[in-house]
Structures are given as structure tokens and as C-alpha cells.
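# Survey of secondary and tertiary structure
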Amino acid sequence: DAGVTQSPTHLIKTRGQHVTLRCSPISGHKSVSWYQQVLGQGPQFIFQYYEKEERGRGNFPDRFSARQFPNYSSELNVNALLLGDSALYLCASSAALRPQETQYFGPGTRLLVL
Amino acid sequence: AQSVTQLGSHVSVSEGALVLLRCNYSSSVPPYLFWYVQYPNQGLQLLLKYTSAATLVKGINGFEAEFKKSETSFHLTKPSAHMSDAAEYFCAVSAHLQGAQKLVFGQGTRLTINP
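Anyway, here's the lowdown on the structure attached to this text. Residue indices begin from 1 for each chain and proceed along its sequence in written order. All chains are assigned letters beginning with A, and all ligands numbers beginning with 1, in the order in which they are written. Local features in this predicted model are restricted to residues whose pLDDT is 70 or higher, and side-chain atom pairs enter the listing and the counts only when it is 80 or higher, whereas totals over whole chains, interfaces and linings include all residues. Note that the side-chain values use all heavy atoms of the structure and ignore hydrogens as well as water.

### Things to note about the packing of aromatic side chains
Stacked, edge-to-face and tilted labels apply to pairs of Phe, Tyr and Trp rings (six-membered ring for Trp) whose centres lie within 6.5 Å, assigned for plane angles under 30 degrees, over 60, and everything in between, in that order. Per the stated rule, a full pass over the model turns up 14 aromatic pairs over all chains. The interplanar angle of 90° and the centroid separation of 5.8 Å between the aromatic rings of A:Tyr35 and B:Phe105 together place this pair among those described as edge-to-face. Within this pair, whereas A:Tyr35 is found in strand β4 (residues 31-37), its partner B:Phe105 is found in strand β10 (residues 100-105), the two belonging to separate chains. The residues A:Tyr35 and B:Phe105 share a single accessibility class, namely buried. With 6.3 Å between their ring centres and 25° between their planes, B:Phe34 and B:Tyr36 make a pair best called stacked. For every residue, the accessible area obtained with a 1.4 Å probe (protein chains only) is divided by the maximum for its type, and the residue is called buried under 20%, exposed over 50%, and partly exposed between those limits. On the basis of relative accessibility, which here comes to 0%, the residue B:Phe34 falls in the buried class. Here B:Tyr36 falls in the buried class, since its relative accessible area comes to 1%. In textbook terms, an aromatic cluster arises when at least three aromatic residues are bridged by ring pairs, as seen for A:Tyr35, A:Phe45, A:Phe105, B:Phe34, B:Tyr36, B:Phe90 and B:Phe105. Starting at the N terminus, helices and strands are each numbered in turn, a helix being any DSSP run of H or I of at least four residues and a strand any DSSP run of E of at least two.

As C-alpha cells, then:
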């Protein structure tokens, strides 16, 4: 079975631009979460979607938004890019919202903002 | 609020030596704890998780971790290091946020294996 997939793998943008990152969860998983991993740090929670509804949002500005589609894939959008948005963006899927549920991560999208 | 602290941002061991990566947690409720590994330019892979079924948890690639409530610890060990174990290791705790279940990660420990 395919794992979590993300596209694109790498992206270079300039300040002020907009970016869209995409994620396809493991088949049968209804929850998708997004994390930002800045170089040298652990991942930070951005959003979680379950059954196409936003279930939680981390401490990120409104420039960050996301959505989940009927097939449970998801998009993360970032507007008005800043240099500090340069990071590895990770998508994770899980079958349910239980606290003991394993989150399976994709390979990430590496975003560089110049 | 739940949090984890990983002691030691960088650990270096010789091939064949014991690997010990430290993680302490803070949680007001019984925690669910995870160890993930990240190889260069890759995503995170689950090594093992603690869900209160057993305090000694065995994972993939010969790793195991022991949950110690009295010490609020969940240290990761492997009896004999292999060159392929060189990677970044993250400890995480599951936390409830509004209606979400998020993972709160530590800063990570980079493991280097010396030949």
C-alpha cells in the first residue's frame, strides 16, 4: 500500500508570493495533519483536518490556511511568504482522532523563500 | 499542557555500543508517547509508541523504550549500534488541542555512529 505522499518535493519562492502544498493520505485514513519543521528543530503543529473539517490549529498566523477534500487529500496554503517560512512541511495521516493513534508522515515538501 | 524534553542534541557512539537517547515528558493526563526517526532529507518514521499496555515497548530495528512514570521518562535504547542508525530521533507526546489530537515534539537528538 502507498504511504503518505506529498507534492512537490522542493519549492523555491520569493517573499510575498503564495504557495500551495498537497498531501494524499494513506488509503482509508480520514485525518490529515500539517507540521512545519524548521532546520534544527522538531516539527510544529499547524493544522489537523478530520472528515473535511478543521479540528485544530496551532500557533500560526492567518497567512496559513488549509482544506481537506472529499477524497481526504489536503492542501496547505501560505500567503505573503516571509523568509521565516522556509522549512520542511510535513503531512501526516491517521485513521482516527484517538490520542494513541499513530500519525504516519510523508516525505515532506522543502520550501525555500528567497 | 503536554511537552517533552530531549536531553542532548547530539549523541555519538561507537558501532556495536549501547545507544541511549533520553526523553522526559510533562503531562497532566496519562501520556501517549512516541519515538520517531528521521533520516536525511526524509520524513518521520515511527519507531515505537507507548499506549499504556506495557511499560517496556519494543519497536523496529532493535530499538526499545521504557516508560517510567516516577521519573516522567521514556528513554530510547538499542543494545548494539549499527552504522545505519545514524539519524535524527524525535520524542513526541500526544496532546489534545480543541478538537484535534496533535503531536508535540522535542527538539530532536542527532545520533552519530563512529566506525
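### Focus on the state of the cysteines
Residues and elements named next belong to chain B. A pair of sulfur atoms, both from cysteines and within 2.5 Å, is called a disulfide here. Tallied over the full model, the rule gives two disulfides over all chains. Each sulfur of the disulfide joining Cys23 and Cys91 lies 2.0 Å from the other. Between Cys23 and Cys91 the sulfur-sulfur dihedral comes to about -60°; the bridge is accordingly left-handed. Of this pair, Cys23 sits in strand β3 (residues 19-26) while Cys91 is found in strand β9 (residues 87-97), placing the two residues 68 residues apart along the sequence. Judged by its relative accessible area of 0%, Cys91 is buried.

### Notes on the sheet that holds strand β1 (residues 5-7) of chain A
Residue and element names in this part refer to chain A. In this description, strands pair whenever DSSP reports at least two bridges between them. Taken together, four strands build an open sheet; the order of strands is β1-β3-β8-β7 and the sheet is antiparallel. Single-partner strands in this sheet number two, and they are β1 and β7 (64-68). Adjacent strand axes in the sheet meet at a mean angle of 15°, parallel and antiparallel pairs treated alike. As paired elements, strand β3 (residues 19-24) and strand β8 (residues 74-78) share five bridges and run antiparallel to each other. If you follow Arg22 over to β8, its bridge partner there is Glu75. Angular values range over 0 to 180 degrees, each being the angle between N-to-C directions of two axes fitted as lines to C-alpha atoms, with helices fitted over their stretch in contact.

### Here we look at the pairing of strand β7 (residues 64-68) of chain B
All names here are of chain B. Judged by which residues are buried, β7 turns out to be one-sided: Ala65 and Phe67 face inward and are buried, whereas Glu64, Glu66 and Lys68, on the alternate face, are not. Summarising the sheet, strand β6 (residues 56-58) and β7 pair through three bridges and their orientation is antiparallel. Its bridge partner lying in β7, Val57 is registered against Ala65. The hairpin formed by β6 and β7 contains five residues between the paired strands, and Asn61 there has a positive phi angle of roughly 60°. As judged from the five bridges shared by β7 and strand β8 (residues 73-78), these two strands associate in the antiparallel manner. From the neighbouring strand, Lys68 faces β8, where its bridge partner is Ser73. Two successive antiparallel strands, β7 and β8, enclose a turn made up of four residues, where Thr72 displays a positive phi of approximately 45°.

### With respect to the pattern of salt bridges
All names here are of chain A. What makes a salt bridge here is a side-chain nitrogen of Lys or Arg within 4 Å of a carboxyl oxygen of Asp or Glu, nothing more. Enumeration over the complete set of coordinates arrives at nine salt bridges over all chains. Of the charged contacts, one joins Arg57 and Asp62 as a salt bridge, the two residues approaching to 3.7 Å between their closest N and O atoms. Residue Arg57 is classed as partly exposed on the basis of its relative accessible area, which comes to 22%. Using a relative accessible area of 71% as the deciding quantity, one classes Asp62 as exposed. Among the salt bridges present, the one from Glu101 reaches Arg98, with a minimum N-O distance of 2.7 Å. For Glu101, a relative accessible area of 15% corresponds to the buried category. For Arg98, a relative accessible area of 48% gives the class partly exposed. One continuous salt-bridge network, built from bridges that share partners, spans Arg22, Arg67 and Glu75.

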